[in-house]
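# Coordinate analysis (summary)
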Amino acid sequence: MTGKPRLAVFKFASCDGCQLTLLDCEDELLALADTLEIAHFTEATRTSLPGPYDLALVEGSITTPEDAERIERVRADSRFLVVLGACATAGGIQALRNFGDVRGFTETVYARPDYISTLEHSTAIADHVPVDFELRGCPIDRGQLLEVITAYLAGRKPRIPDRSVCYECKARGVVCVSVADGTPCLGPVTHAGCGAICPAFRRGCFGCFGPAREPNTPALVRLLREQGEAPEHIARVFRTFNAASPAFRAAAESVDDPDREVRS
Ligand code: SF4
Ligand code: SF4
């Protein structure tokens, strides 16, 4: 033990992209390494020290019975637990299984499906243990990650704006692709954080930062219909990285069930 705050980074079902965002911090990472003791971070070091940890960063979703047990131990060992990315906050792309028959998938893909130990659903970390902060994105933004880490080190709440991608378009002077071009865009219902990368390149947002706070998805679904999008395409745009987030899931189901859209 060094007397410095202890950081641990844990991976569950994921692509490692959010952990790589931490390594991608480069110059700031050296300053962080001076400030923190990196007790466990398999992506970066073979050092693996037991808890307790002051701050645990958790990437990935819960997809196996072993995951469900391990996250309980991580929570018990950690003073603050921050989850990173669409996998950890909404079940990730692997939550597409939640809409199908998992047994059918394994029997199709694997010669010995009886060897596969998996849960029927991919779920967010907060579905299993209390979480102190959810950082959105697929992958997360490095500036936001540094803000979250320094906030917890300083004993304050992270300053992560809880607004939509539309706000970021306005802030950087990007012309609205939906109004100007009729391009389908999930920006109005998507959490800010990326700096409106896609609209800046004249592309619609496809929602990789997940739902904004109180997203008006029924209004966006109506707009997408008016723009000529087929119902199955509208459902599909809500079923990507954050398919199992409650707001995007409800939006996709409302397209499948027109009566439900009228009610919402
Ligand atoms: S949120 Fe995206 S980038 Fe991060 S681990 Fe999951 S799939 Fe990878
Ligand atoms: S899809 Fe949306 S949230 Fe993701 S990078 Fe593009 S504009 Fe940002």
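Relevant structure appears above.
Read on for a plain summary of the structure.

So, how was this worked out
- Residues numbered from 1 in each chain as written.
- Chains lettered and ligands numbered in written order.
- Predicted model: local features only at pLDDT ≥ 70, side-chain atom pairs only at ≥ 80, totals over all residues.
- Heavy atoms only, no water.
- Helix = DSSP H or I, 4+ residues; strand = E, 2+ residues; numbered from the N terminus.
- Rg over C-alpha atoms; globule rule 2.2 N^0.38 Å.
- Buried < 20%, exposed > 50% of the residue type's maximum accessible area, 1.4 Å probe, protein only.
- Core = buried A, V, L, I, M, F, W, Y, C linked by side-chain atoms within 4.5 Å.
- Contact = heavy atoms within 4.5 Å.
- Pairing = 2+ DSSP bridges.
- Axes fitted to C-alpha atoms, helices over the stretch in contact; angles between N-to-C directions.
- Salt bridge = Lys/Arg side-chain N within 4 Å of Asp/Glu carboxyl O.
- Disulfide = S-S within 2.5 Å.
- Parallel < 35°, antiparallel > 145°, perpendicular 65-115°, else oblique.
- Left-handed = near helix turned anticlockwise from the far one by under 90°.
- Nonpolar A, V, L, I, M, F, W, Y, C, P; charged D, E, K, R; others polar.
- Patch = residues over 30% accessible without salt bridge, like charges linked within 9 Å, V, L, I, M, F, W, Y side chains within 5 Å.
- Areas by Shrake-Rupley, 256 points an atom, 1.4 Å probe, with all protein chains shown as cover.

### A few points about the overall build of the protein chain
A count of helices and strands for the protein chain gives 13 helices and five strands. Compactness check: the protein chain gives a C-alpha radius of gyration of 20 Å against a globular reference of 18 Å for 264 residues, within 12% of the reference. Each of the three principal axes of the protein chain carries a C-alpha extent, and together these read 60 × 50 × 30 Å. A burial count over the protein chain gives 46% of its 264 residues as buried.

### Structural notes on the nonpolar core
Of all hydrophobic cores here, the largest spans 22 residues; its most connected members are Leu 22, Leu 57, Val 82, Leu 84, Leu 135, Leu 145 and Ile 149. Those elements giving two or more residues to this core turn out to be strand S1 (6-11), helix H1 (17-23), helix H2 (27-35), strand S3 (53-59), strand S4 (78-84), strand S5 (133-135) and helix H6 (142-154). For Val 82, the residues in contact, after removing those within four places along its chain, are Leu 55, Ala 56, Leu 57, Val 58, Phe 133, Val 148 and Tyr 152. In terms of nonpolar packing, the next biggest core, distinct from the first, is built from 20 residues, Val 174, Val 189, Ala 251 and Ala 252 among them.

### Things to note about the sheet that holds S1
Ordered by their spatial adjacency, five strands build an open sheet running S2-S1-S3-S4-S5, and the pairing between neighbours is parallel. At either end of the open sheet lies a strand with only one pairing partner, and these are strand S2 (37-41) and S5. The sheet shows a mean angle of 20 degrees between the axes of neighbouring strands, direction not considered. Pairing of S4 with S5 involves three bridges; the strand directions are parallel. Within S5, the residue paired with Val 82 across the bridge is Phe 133. Lying on the sheet, H6 is in contact with S3, S4 and S5; it crosses S5 at an angle near 160 degrees.

### Here we look at the pattern of salt bridges
In this structure the tally under the stated criterion is ten salt bridges. Between Arg 136 and Glu 134 there is a salt bridge, with the nearest N and O atoms lying 3.6 Å from each other. On the accessibility criterion, Glu 134 (27% relative accessible area) is partly exposed. In this structure, Glu 253 and Arg 249 form a salt bridge, with 3.0 Å as the shortest nitrogen-oxygen distance. With Glu 253 and Arg 249 both in helix H12 (residues 246-256) and four residues apart, the pair spans about one turn of that helix. According to the relative accessible area criterion, Glu 253 is partly exposed, its value standing at 24%.

### A look at the state of the cysteines
Under the counting rule described, the total for this entry stands at zero disulfides. As a non-bridged cysteine, Cys 166 has Cys 176 as the owner of its nearest cysteine sulfur, 6.3 Å distant. Relative accessible area serves as the criterion here: at 26%, Cys 166 is assigned to the partly exposed category.

### A look at the packing of helix H10 (residues 217-226) against H12
In the contact formed by H10 and H12, the axes pass within 10 Å of each other and the chain directions differ by 45 degrees. Taken together, the axes of H10 and H12 lie oblique to each other. Note that H10 runs across H12; the crossing there is right-handed. Listed contacts from H12 to Thr 217, Val 221 and Arg 225 of H10 are Ala 247, Ala 251, Ser 254 and Val 255. Residues belonging to the contact of H10 with H12 are distributed by class as follows: four nonpolar, two polar and one charged.

### Considering the packing of H2 against H6
The description of two helices packed together rests on the angle between their axes and the distance between the axes. In the contact formed by H2 and H6, the axes pass within 12 Å of each other and the chain directions differ by 15 degrees. Judged by the angle between their axes, H2 and H6 are roughly parallel. Regarding H2 and H6, the two cross each other, and that crossing is left-handed. Side by side, H2 and H6 meet where Glu 28, Leu 32 and Thr 35 of the first sit next to Arg 142, Leu 146, Ile 149 and Leu 153 of the second.

### Quick word on a nonpolar patch on the surface
The grouping of Ile 93, Leu 96 and Phe 99 at the surface amounts to a nonpolar patch, some 230 Å² of accessible area in total. Within the secondary structure, Ile 93 sits in the loop between helix H4 (85-90) and helix H5 (102-109). By relative accessible area, Ile 93 is classed as partly exposed at 42%.

Function-wise, these values are silent; they only describe arrangement.
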